[in-house]
Amino acid sequence: MKNTRYKSALSILMFFCLFPILMVSCSEEEEEEFTIVDLRYNPKDKYQLSSADAEEIKFEVKSSHPWKVFGKENWYTINPESGPQDQIFMVSIKVEDNTLLDDRVDTITIKSDYWVGKRFTIEQKGIARLEAKHDNDRVLKSVGDQCTFTIESNQEWSCEVTDGGDWLSIDSGIEGSHDGEVMVSSTENKGEERTAIVTVYDRHKKEAAQISVRQAGVRLVPGELEWRESHRAHEIEIKVESNTQWTIAKPDFDVWYKITSGVDYSGTQSIKIQFDENSGISVRKSSLTLKTVSEDPSVKPLVKTIVLKQAPTPSPEHTELNKGFLKSKKAAGTPIYENGDMICSGKKNRVILWLDRLGTHTFRIKSMAKGSYPVWYIIDGWGKKELRYHLDTNKGLTKSSVTTQIGGTLVGPNVPLDINKAHDLSVRISSIDGMLKYELALDGEHFSSVQTTIPENKRLRVYLGANKGDCTWDWYEYYPLVKWDE
């Protein structure tokens, strides 16, 4: 019993003797585990340097603990490579000239205590040089021809015809070292003008340059391959560039248009086409076939197809301008509503409404007094991206403009208008690559447009009325965009 009590007392005594040591040990472990390093720096992620007289790299480093900056290579010097805590140091990296052909790269590390703050790369160009020179205006003859281009280099290189190898071949200069010359030759061309590509590779078989080689042939190039036309009766001209005789044909059953300039042509000419009005509800579609003519039966005709599309007569959504139309609200002044008309008088008498659909938006202005200033303009949300469609009744002229924030410039002049007549003021809103495009028209005739940086899903705020003077707005119509490919 005494022995047991003695052992217990001894164990308690030993624990209290060891307790300070355990506490110190735990304290030291906790201090190491929770050490906070405040390391700050401002180098870029990547530096690209010239092979000679490279600009010195400079950046700042500061840390709450001693720090160091280091890499693996020996073609640069870091100064200083390390520093004490709590001071701002300007570190510089000076790179030696690279006299080797190859580029070189290394990773630089900024570290303080156990903490790696940043790694960034430095790349230095080598002195390897490889350039191919060729007369780009030189066109090989259709009967078969040769041409040469030169290589200026300080290394080994090689060449290969990577496109057009069925008619262009390399006669000399497939491989070379330093400056040299490459000669290529073509077979006879009885077809369309064609282009081949000769690719030049460096000593590592990496692409260094491309040479485009053209050969003359039959040329038949329409200005556009697809024409999208309005439903109205009208005429268009299609310019075709050619260096030979050619014909044009249309399907006999497509009687809604006719070719008024004939069917036989020689060289560069324009095709004139007269459209009838499309009073239907669907898109009309037809194809014109252009074909070259040759007296040589061994020459295969060159054929091009032009697609014609004509929109149907639009079926608009019509809205009389009664009070509260299109969920509008007063912006300034108090318009008067009578018999489906909105009458504005005085100064800044206008309403706000919202547009959220692509298509053509048309407002009919019924009358306007000389000296008045009828307006309607679109704003991107509540911002400053404005498209203004105003009327200058003193000058008898449309007065359209855009703010710089809209991201584009109006293309096309303003046009005259008779202030004694009613007019349709339209803006067609479409999307190109997800961004809105505005096209302005007066009485259905386009006169100006702007490609914006406004996303197509934006809800657009519209002001309608007059900045001053008297005018009467009659109605609003919305025309959906034509679905050309259905």
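Residues numbered from 1 in each chain as written. Predicted model: local features only at pLDDT ≥ 70, side-chain atom pairs only at ≥ 80, totals over all residues. Heavy atoms only, no water.

Let's shift gears to the overall build of the protein. A count of helices and strands for the protein gives one helix and 41 strands. Since a compact globule built from 486 residues should have a radius of gyration of about 23 Å, the 39 Å found for the protein marks it as more spread out than a globular shape. Among the 486 residues that make up the protein, the fraction classed as buried is 40%. Long-range pairs, those at least 24 residues apart, make up 61% of the contacts in the protein with a sequence separation of at least 6. Split by element, the accessible area of the protein, about 27,800 Å² in all, is 49% carbon and sulfur. Taken together, the 63 basic and 73 acidic charged side chains of the protein have centroids lying 8 Å from each other. (Helix = DSSP H or I, 4+ residues; strand = E, 2+ residues; numbered from the N terminus. Rg over C-alpha atoms; globule rule 2.2 N^0.38 Å. Buried < 20%, exposed > 50% of the residue type's maximum accessible area, 1.4 Å probe, protein only. Contact = heavy atoms within 4.5 Å. Areas by Shrake-Rupley, 256 points an atom, 1.4 Å probe, with all protein chains shown as cover. Lys, Arg positive; Asp, Glu negative; His and termini not counted. Charge placed at Lys NZ, Arg CZ, Asp CG, Glu CD.)

If you trace the backbone, Asp433 turns up in the loop between strand 37 (423–432) and strand 38 (435–442). It is 10.0 Å that separates the C-alpha atoms of Asp433 and Thr453, two residues lying 20 residues apart in sequence.

Across the sheet, which stays open at both edges, the four strands sit in the order 10-12-16-14 with antiparallel pairing between neighbours. The open sheet terminates on both sides in strands that have one partner only, identified here as strand 10 (130–133) and strand 14 (168–172). The average angle at which neighbouring strand axes cross in this sheet is 30°, direction not considered. Two strands pair when backbone bridges link them, and strand 10 and strand 12 (residues 146–153) are joined in this way by four bridges, in the antiparallel orientation. If you follow Leu130 over to strand 12, its bridge partner there is Ser153. (Pairing = 2+ DSSP bridges. Axes fitted to C-alpha atoms, helices over the stretch in contact; angles between N-to-C directions.)

The subject of this paragraph is the pairing of strand 4 (residues 67–70). Side chains on a regular strand alternate between the two faces of the sheet. Only one face of strand 4 is covered, namely the one carrying Trp67 and Val69; the face carrying Lys68 and Phe70 has none of its residues buried. Across two bridges, strand 4 lies against strand 6 (residues 82–83) in antiparallel orientation. From the neighbouring strand, Lys68 faces strand 6, where its bridge partner is Ser82. One ladder, built from four bridges, connects strand 4 with strand 8 (residues 104–112); its direction is antiparallel. Within strand 8, the position partnered with Lys68 by the bridge is Lys111.

Quick look at the pattern of salt bridges now. Applying the stated criterion to the full structure yields 20 salt bridges. A salt bridge links Arg40 to Asp38; the nearest nitrogen and oxygen atoms lie 3.0 Å apart. We classify Arg40 as exposed; its relative accessible area is 53%. We classify Asp38 as partly exposed; its relative accessible area is 36%. With a closest N to O distance of 2.7 Å, Glu439 and Arg428 form a salt bridge. Of the two residues, Glu439 is situated in strand 38 and Arg428 in strand 37; the sequence distance between them amounts to 11 residues. Taken together, the shared-partner salt bridges in this structure form one network comprising Glu226, Arg228, Lys309 and Asp485. (Salt bridge = Lys/Arg side-chain N within 4 Å of Asp/Glu carboxyl O.)

With that settled, consider the side chain of Gln215. Examined against the element boundaries, Gln215 turns out to sit in strand 18 (residues 207–215). Separated by 3.1 Å, the side chain of Gln215 and the backbone oxygen of Lys141 make a polar contact. At a separation of 2.8 Å, a polar atom in the side chain of Gln215 contacts the side chain of Arg194. Beyond its immediate sequence surroundings of up to four residues, Gln215 is in contact with Val139, Leu140, Lys141, Ser142, Gly144, Trp167, Ser186, Thr187, Glu188, Asn189, Glu193 and Arg194. (Polar contact = N/O pair within 3.5 Å; in protein donor to acceptor, adjacent residues only side chain to side chain.)

Here we come to the environment of Pro455. By the element assignment, Pro455 lies in strand 39 (residues 445–455). The exposure class of Pro455 is partly exposed, given its relative accessible area of 30%. Sequence separation between Pro455 and Gln269 is 186 residues, and the spatial gap between their C-alpha atoms is 40 Å.

So, about unusual backbone geometry. With an omega dihedral of -5°, the bond running from Asn79 to Pro80 counts as a cis peptide bond. Within the element layout of this structure, Pro80 appears in the loop between strand 5 (76–79) and strand 6. A positive phi angle, close to 60°, is found at His178, a residue other than glycine. Secondary-structure assignment places His178 in the loop between strand 15 (175–177) and strand 16 (180–186).

What follows is about the sheet that holds strand 13 (residues 156–163). Strand order in the open sheet formed by five strands is 11-18-17-13-15, and the pairing between neighbours is mixed. Looking at the sheet topology across the chains shown, the edges are occupied by strand 11 (139–140) and strand 15. Two strands pair when backbone bridges link them, and strand 13 and strand 15 are joined in this way by three bridges, in the antiparallel orientation. When the sheet's bridge partners are listed, Ser158 is paired in strand 15 with Glu175.

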